[in-house]
Amino acid sequence: MGRGVMLISLVCLLVGTLQVVRSEDPYLFFTWNVTYGTIFPLGVPQQGILINGQFPGPNINSTTNNNIVINVFNNIDQPLLFTWSGVQHRKNSWQDGVEGTMCPILPGTNFTYRFQVKDQIGSYFYYPSTAMQRAAGGFGGLRVNSRLLIPVPYADPEDDYTVLIGDWYAKSHTALEKFLESGRSIGRPQGVLINGKAGKADGKDEPLFTMKPGKTYKYRICNIGLKNSLNFRIQNHKMKLVEMEGSHVLQNVYDSLDVHVGQCYAVLVTADQKPLDYYMVASTRFTKQVLSTTGIIRYEGSKVQASPQLPAAPVGWAWSLNQFRSFRWNLTASAARPNPQGSYRYGSINITRTIKLVNSANKVDGKLRYAISGVSHVDTETPLKLVEYFGAADKAFKYNIIADEPPAKIANVIKEPNVINITHRTFVEIIFENHEKTIQSWHLDGYSFFAVAIEPGTWTPEKRKNYNLLDAVSRHTIQVFPKSWAAIMLTFDNCGMWNVRSEMWERRYLGQQLYASVLSPAHSLRDEYNIPDNTPLCGIVKGLPLPKPYTI
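Keep in mind the model is a prediction, meaning the values are calculated, not measured.

1. Considering the pairing of strand β7 (residues 122-128)
The buried fraction of β7 is high, at seven of seven residues. Burial along β7 is two-sided: the face carrying Gly 122, Tyr 124, Tyr 126 and Pro 128 and the face carrying Ser 123, Phe 125 and Tyr 127 are both buried. As judged from the four bridges shared by strand β5 (residues 82-85) and β7, these two strands associate in the antiparallel manner. Opposite Ser 85, over in β7, you have Phe 125 as the bridge partner.

2. Thoughts on the pairing of strand β10 (residues 191-194)
Because side chains alternate across β10, one face comprises the buried residues Gly 191 and Leu 193, and the other comprises Val 192 and Ile 194, equally buried. Note: strand β9 (residues 160-168) against β10, four bridges, orientation antiparallel. Counted as the bridge partner of Trp 168 is Gly 191 from β10.

3. Quick notes on the side chain of Ser 302
In this fold, Ser 302 is placed in the loop between β20 (292-299) and α3 (317-326). Among the polar contacts made by the side chain of Ser 302, one reaches the side chain of Asp 277 at a distance of 3.1 Å.

4. Observations concerning the sheet that holds strand β6 (residues 110-116)
Two pairing modes exist for strands in a sheet, parallel and antiparallel, and in both the strands are linked by backbone hydrogen bonds. With mixed pairing, four strands are arranged side by side in an open sheet as β2-β1-β4-β6. The sheet terminates laterally at β2 (46-51) and β6, the two strands that pair on one side only. Pairs of neighbouring strands in the sheet enclose a mean axial angle of 20°, with direction left out of account.

5. Points about the side chain of Asp 471
Summarising the element assignment, Asp 471 is placed in the loop between β28 (449-456) and β29 (474-475). Given the relative accessible area of 12%, Asp 471 is considered buried. Within polar-contact distance, the side chain of Asp 471 engages the side chain of Arg 328 at 3.3 Å. Dropping the residues within four chain positions of it, Asp 471 is found in contact with Arg 328, Trp 329, Leu 331 and Tyr 346.

6. Here we look at α3
Along α3, the positions that sit buried rather than exposed are Ser 320, Leu 321, Gln 323 and Phe 324. Taken down its axis, α3 places every buried residue within 160° of arc, on the same side.

Rules behind the numbers
Residues numbered from 1 in each chain as written. Predicted model: local features only at pLDDT ≥ 70, side-chain atom pairs only at ≥ 80, totals over all residues. Heavy atoms only, no water. Buried < 20%, exposed > 50% of the residue type's maximum accessible area, 1.4 Å probe, protein only. Helix = DSSP H or I, 4+ residues; strand = E, 2+ residues; numbered from the N terminus. Pairing = 2+ DSSP bridges. Polar contact = N/O pair within 3.5 Å; in protein donor to acceptor, adjacent residues only side chain to side chain. Axes fitted to C-alpha atoms, helices over the stretch in contact; angles between N-to-C directions. Contact = heavy atoms within 4.5 Å. Arc of directions from axis to C-beta.

Dropping the structure here:
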């Protein structure tokens, strides 16, 4: 066979292979024009961040193994990044959309995100991660549906609704930034929104959702706010919890759910009441002044307003702790692969490292800062992942400036890039210890972890006897109640530079975050993808030749 024929045959084979891959793993293409626009969430005009003119932004409706391609045009006057909360980019922190991994999309430019949603059937959301832009909008729902080959443990609902709840500030995101830069807190929010609207509870609002009598619906509830845990409930209706943050759970029935900042739950609601209008209610928890909002669910054909008697919220954080303890992983439900979720026996794996992270608030140079184990993170001029990839980490930051076991009393807070190095494929226990009087919420990019315990007091090794080592839910965000601790366990098998952060955005902005660097010692494509061709370079790596690419 001649070289020309061989070359043509090889090209045909590659094209055919690509076509097979594309047919098995479909591509979803989106173009987003991000602009400012006037919005009225609390009844007064304010500047919002819109995606294609929408507030909130458009839903991303995907299926397991879909390839997501989003071309983002930044037409606001600030650098911009989007992060995909809870969506695990396997071997690919390049697309994570936080300042430790990517150069921001500068005003007047565009960038195309490319990532694949994998073994994570469930409910998520996206939002702008730069500065305080999350306070202005730019967020939306992101769902990953099951392929037909992988059955979910409940019948298909009549319809599937996204419910984005969150506290809201009347001041602009730039005004909130100025507060924080001046050393002040952003204070209390002025309201609560459901899908960008504050209900008046007068029965005259347009319905957000419609249900047919006798049918069952899925509601995906995500707290996309900045600061407050929220309780969510539906007038006269029970909620059957079926999924949280990518995991099927035992299907317990609840009157209401505490949804902490950054968390997502999926529930089934059956239209089994009189064909009227009914209120959804979202209200703040653990606050002196309770803020509430409503949204209307209308039974098809209803002309009767919802009752003004709103269901009451629970009281106290002990109730919320007990609700957390009722959440259990559904061990028999299928995962994205054709095997049950419970086939991964995390409780029988030996812990190789324990890391305790203690949150605190203090003043540095007379200004408010938040910290983890005494270090308040500051972003470097060049994203951490880039300087690490180019072999220039020693010019930008030092690894492991916090100890795995911090001092019992942390006197001072320092401002430094906070990066911990974690050995690839080790099984690690992380303790979030909260010595403060306020509730906390923590998120880890790139991973799901097993939330094995939350308890009052301080953690000691003896507390492990209280861990749930059988069916703790695999998730990516966990709350820590006042003067309490939370324990999570996970295998760090996903190479990259991954953000561990407070989901209270004021705290994250002022330093309560760090990065976990998980490197591939083999420098192999089996462990981590090479830097994408379209990745912009900035700071000290701008103009440098790319390092030698990883190979199999």
